[in-house]
Amino acid sequence: MLTKFKQTFFLVLTLMISATAFANDPYQDMQVAADKIFNTMKAESSTLKSDPNKLKDIVRTDLLPYVQVKYAGALILGNAYKSATDAQRTAYFNAFEKYLVQAFAQALSMYNGQTYQVEKSKDLGDKSLVSIRILLNQPDKNQQPIRLDFQWRKNTVTGEWKAYDLTAEGVSMVTTKQNEWATVLRQKGIDELTKQLNDLSNRNIDPNAK
């Protein structure tokens, strides 16, 4: 009886320690990620001008580790997630991750050496979702800053915070793609969407795109 109690106690203790290990602060992580990204972009500005696709490498290294790829991808799939096979899900998530790299890189291509400001830390309390804004301040004071809002979510099991959506100038990537891809999923299925994502992820980054 005592042995069983000890096993249970140590199991609970291990779970508590694991959860605590991932109890990060999303505001601090957003600041760290922004500093890494924009410092790298400044340092490689000449390279990025001649080859904007290098932004994809920066996103993979400095931003993607902070993103809940599977959660965002599952949100977009909706009911199609349940009916998909394991193999279909794996192929989809791989394609979706590559697409995210392209999408985030395209959004960051709006950066052109502006100063940036990450929203100051706030008390998280018992929140499980927070939106953290980054402002790209224009050199021309008469122009409004560019708004990038990263949506962060706390994992209910581990307590780890990660971003799952990017809202650029008021437009949510997840919501937009849910609407855009619903027809493809309904009419042609997840395999066709996976194929399209692989195609989209190969698009070049265009700083002049709207």
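Residues numbered from 1 in each chain as written. Predicted model: local features only at pLDDT ≥ 70, side-chain atom pairs only at ≥ 80, totals over all residues. Heavy atoms only, no water.

Caption draft 1: Examining the overall build of the protein more closely. For the protein, the count of helices and strands is 9 helices and 5 strands. The order of helices and strands in the protein, counted from the N terminus, is α-α-α-α-α-α-α-β-β-β-β-β-α-α. A burial count over the protein gives 40% of its 210 residues as buried. Sequence separation of at least 24 residues holds for 61% of the intrachain contacts in the protein that already meet a minimum separation of 6. Only carbon and sulfur atoms are counted for the fraction: they give 52% of the accessible area of the protein, which is about 12500 Å². (Helix = DSSP H or I, 4+ residues; strand = E, 2+ residues; numbered from the N terminus. Buried < 20%, exposed > 50% of the residue type's maximum accessible area, 1.4 Å probe, protein only. Contact = heavy atoms within 4.5 Å. Areas by Shrake-Rupley, 256 points an atom, 1.4 Å probe, with all protein chains shown as cover.)

Caption draft 2: Up close: the pairing of strand S3 (residues 146-154). Of all the 9 residues making up S3, 7 are buried; the element is thus mostly covered by neighbouring parts of the structure. Note: strand S2 (residues 129-137) against S3, 8 bridges, orientation antiparallel. Note on S3: the bridge partner recorded for arginine 133 is aspartate 149. The hairpin turn running from S3 into strand S4 (residues 161-168), its antiparallel successor, is 6 residues long, and glycine 159 in that turn takes a positive phi close to 80°. (Pairing = 2+ DSSP bridges.)

Caption draft 3: Looking closely at the sheet that holds S4. Strand order in the open sheet formed by 5 strands is S1-S2-S3-S4-S5, and the pairing between neighbours is antiparallel. Two strands in the sheet have a free side with no partner beyond their single neighbour: strand S1 (115-118) and strand S5 (171-172). Both S4 and S5 contribute to a ladder of 2 bridges, which runs antiparallel. Bridging across to S5, threonine 167 finds its partner in serine 172. On the sheet, helix H2 (residues 26-43) packs against S1, S2, S3 and S4 and is oriented at approximately 30° with respect to S2. (Axes fitted to C-alpha atoms, helices over the stretch in contact; angles between N-to-C directions.)

Caption draft 4: Inspection of the pattern of salt bridges at higher detail. In the structure shown here, the tally under the stated rule is 5 salt bridges. A salt bridge links aspartate 149 to arginine 133, with the shortest nitrogen-to-oxygen separation between them at 2.7 Å. Separated by 16 residues along the polypeptide, aspartate 149 in strand S3 and arginine 133 in strand S2 bring together distant segments of the chain. A relative accessible area of 6% means that aspartate 149 is categorised as buried. Judged by relative accessible area, arginine 133 falls into the partly exposed class, the value being 33%. Here aspartate 199 ties to lysine 195 by a salt bridge, and the two come within 3.4 Å at their closest N and O atoms. Here aspartate 199 and its partner lysine 195 are both found in helix H9 (residues 190-201), 4 residues apart, which amounts to about one turn of the helix. (Salt bridge = Lys/Arg side-chain N within 4 Å of Asp/Glu carboxyl O.)

Caption draft 5: Looking closely at helix H4 (residues 54-63). Turning to H4, its buried residues number three or more, namely Leu55, Lys56, Ile58, Val59, Asp62 and Leu63. One side of H4 holds all its buried residues, which, seen down the axis, span an arc of 160°. Where the residues of H4 are buried, they touch H2, helix H3 (45-50), helix H7 (86-108), S3 and H9. (Arc of directions from axis to C-beta.)

Caption draft 6: Spotlight on the packing of aromatic side chains. Inspection of the entire model under this criterion finds 9 aromatic pairs. Note on tyrosine 99 and tryptophan 181: the rings are 5.3 Å apart at their centroids and 70° apart in plane angle, and the pair reads as edge-to-face. With tyrosine 99 in helix H7 and tryptophan 181 in helix H8 (residues 173-187), this pair connects stretches of sequence that are 82 residues apart. A relative accessible area of 6% means that tyrosine 99 is categorised as buried. Chaining the aromatic ring pairs together yields one cluster made of Tyr81, Tyr92, Phe93, Phe96, Tyr99 and Trp181. The positively charged end of arginine 89 is found above the aromatic ring belonging to tyrosine 81, 4.0 Å away from the centroid. Here the guanidinium or amino end of arginine 153 rests over the ring plane of tyrosine 71, the centre of that ring lying 3.9 Å away. (Phe/Tyr/Trp six-rings, centres within 6.5 Å; stacked < 30°, edge-to-face > 60°. Lys NZ or Arg CZ within 6 Å of the ring centre and 35° of its normal.)

Caption draft 7: Spotlight on the pairing of S4. Most of S4 sits inside the fold, with 7 of its 8 residues counted as buried. Of the strand pairs in this sheet, S3 and S4 are connected by 7 bridges, and their pairing is antiparallel. The residue bridging leucine 148 from the neighbouring strand is alanine 168, located in S4. Connecting the antiparallel pair S4 and S5 is a turn made up of 2 residues, with glutamate 169 showing a positive phi of about 55°.

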